[in-house]
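Structural characterization, general
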Amino acid sequence: MKNRNFELAKKLRHELHQHPEISNEEVWTKQHLIDFLKTHTTNFEIVDKGNWFYAIYRAGDNKPNIAFRADFDALPMDEVIDLPWASKIPGKAHKCGHDGHSATLAGFALEIDQNGSDKNVFCLFQPAEETGDGAIQCVDFIKEHNIDEIFAYHNMSDFPYKAVGILDGTMLCASKGMTIHFEGAPAHASQPETGINPSLAFSNIVREIPEFISPKKNKGLVLCTVVQIDVGEKAFGIAASKGDIRMTIRALYEEELDRLQVNLENFAKAQAEEYGLKVSFHYNDEFPETVNHKESADKIRLVAKDKGMELLELQEAFRGSEDFGHFTKLTKGAYCFIGNGENHPHVHTHAYDFRDELIESGVELFKGLTEL
C-alpha cells in the first residue's frame, strides 16, 4: 500500500472515530466517506442508496464482479481512554473497529483507483451491522450487479498481530434476541390466589432451557442465554401480574436456531395455557449464520500466504454473529479475521481502539483477492 494512501486512510479513520454514529443513524459517517472517495478518486462511480452506498470501479463488460464490504456504525458506549482522535459524541464510540473497516475499504479504493484492476470492483459501505439489520438493507445489490464473489474482514483480539483467521463453512453463529411477555392479573399480596402471577411460568422456562440446548439433541452448538427477567413491580403489597424474560438465542446452524425458537415458543404457550396467562413474543438483533464458501475461503488462504501473512486455520466457528451472512446466501464469498494481537483489548470494551496498521493488512488482502 502506498504510504500516502495509508496516511489518508489513517486520517479518515481518526475522523470517523471522532464522529461516531450508532446503527441506522450514520448520516455524517456516510457522507464523510462519500466525500473522501469523491475527493481522492477519479475512476469510481458513487451510488447513494440512502442509509448506505457503494462505489464501483468498472473494468469493462463481461469482466468478473467482485465486492468488498465494510460496516460503519458505532456502539452506544462512552469513550473513556485518552486518544487524540477520541469520540466527540457523549455516549457513542467506535468500540468495535468499524471505523477501521471503513477506512480500510476506502484506502483499498484509492489503490484500485490508481493501479487499476481487470475486475469490476464494488466497495460496499454498510450501516447497522451491530443490530443485524444493515446487510438486509443492501442484499438487492448482489443480484442487481451480478456479484460473483464478496469478501469482508473483522479485526480480532486474542489473535496474533496481523494474522489472518479463516474457516470453511459456518464462520459465525446465527443469533437473535428473544423476548417472551406474560400477562396475568394483579392481586393484593396477601391474596395471591385471586390474581394470576407469571413468576412460576418464567421459572419453568429457565429450568427447561438446558433440555432444549442439550448437545444430545443438536448437531452443533446451541445456546440460550438469559439476559434479563423483569417481573412485577417494586411494590410489596401487589402480587406480580406481568413481566418479560429476555434471552439471546444462538446456534451454529440456522435450522437449529429456528427449532430452539419454536421449542421456546411452544413451551411458553403451554405455560400460558396452564396458568391462564396471555403470552406474546418479540424479536430483535437478528443475525443469520455467516457461511464461508470453500472456494472463496481458499482464495483468502492463497493471498495471505502470498503476502507473507500468518494464516490461522480456525477449529470452530466464532460464537459471535455477523450480518454478512445475508450476502453469502446469495453469492460466493468469505469472511475472515485479522488479528489485533494476543494482548490487545477486546472489541466492545472501553479500553479498545482499532489498530491503524491493520488498514494496510486489510488493503493488501483485498488487493490480492482482486488479482487472482
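Look up a bit, the structure's there.
Residues numbered from 1 in each chain as written. Predicted model: local features only at pLDDT ≥ 70, side-chain atom pairs only at ≥ 80, totals over all residues. Heavy atoms only, no water.

1. Considerations on the sheet that holds strand β12 (residues 242-251)
The condition that has to hold: Being paired, for any two strands, means DSSP has found at least two bridges between them. The secondary structure listing takes helices from DSSP runs of H or I that are at least 4 residues long and strands from runs of E that are at least 2 residues long, numbered from the N terminus. Structural elements are reduced to axes, namely lines fitted to C-alpha atoms, with helices fitted over the stretch in contact, and the angle between N-to-C directions of any two is expressed from 0 to 180 degrees. Every residue pair with non-hydrogen atoms within 4.5 Å of one another is taken to be in contact.
With antiparallel pairing, four strands are arranged side by side in an open sheet as β10-β12-β8-β13. Single-partner strands in this sheet number two, and they are β10 (222-231) and β13 (278-287). Geometrically, the sheet is characterised by an average inter-axis angle of 20° between neighbouring strands, direction not taken into account. With nine bridges connecting them, β10 and β12 associate as antiparallel partners. Residue Cys224 lies in a different strand from β12, and its bridge partner there is Ile249. Contacting β8 (174-183), β10 and β12, helix α6 (residues 199-212) crosses the sheet at an angle of about 15° to β12. Packing against the sheet, helix α7 (residues 254-275) makes contact with β8, β10, β12 and β13, and its axis sits at approximately 5° to β8.

2. Focus on unusual backbone geometry
Unlike most non-glycine residues, Ala128 shows phi in positive territory, near 50°. Among the structural elements, Ala128 can be located in the loop between β4 (120-126) and α4 (135-138). One non-glycine residue, Lys162, lies in positive phi territory at about 70°. Within the secondary structure, Lys162 sits in the loop between β5 (149-157) and β6 (164-166).

3. Quick look at the sheet that holds strand β16 (residues 332-341)
The strands that make up a sheet are held in pairs by hydrogen bonds between backbone atoms, and each pair lies either parallel or antiparallel. If you walk across this open sheet you meet the eight strands as β1-β2-β4-β3-β5-β16-β6-β15, and the pairing is mixed. Two strands close off the open sheet at either side, each with one partner strand: β1 (44-48) and β15 (311-313). Taken over all neighbouring pairs, the strand axes of this sheet differ in orientation by 25° on average, direction set aside. Summarising the sheet, strand β2 (residues 53-57) and β4 pair through five bridges and their orientation is antiparallel.

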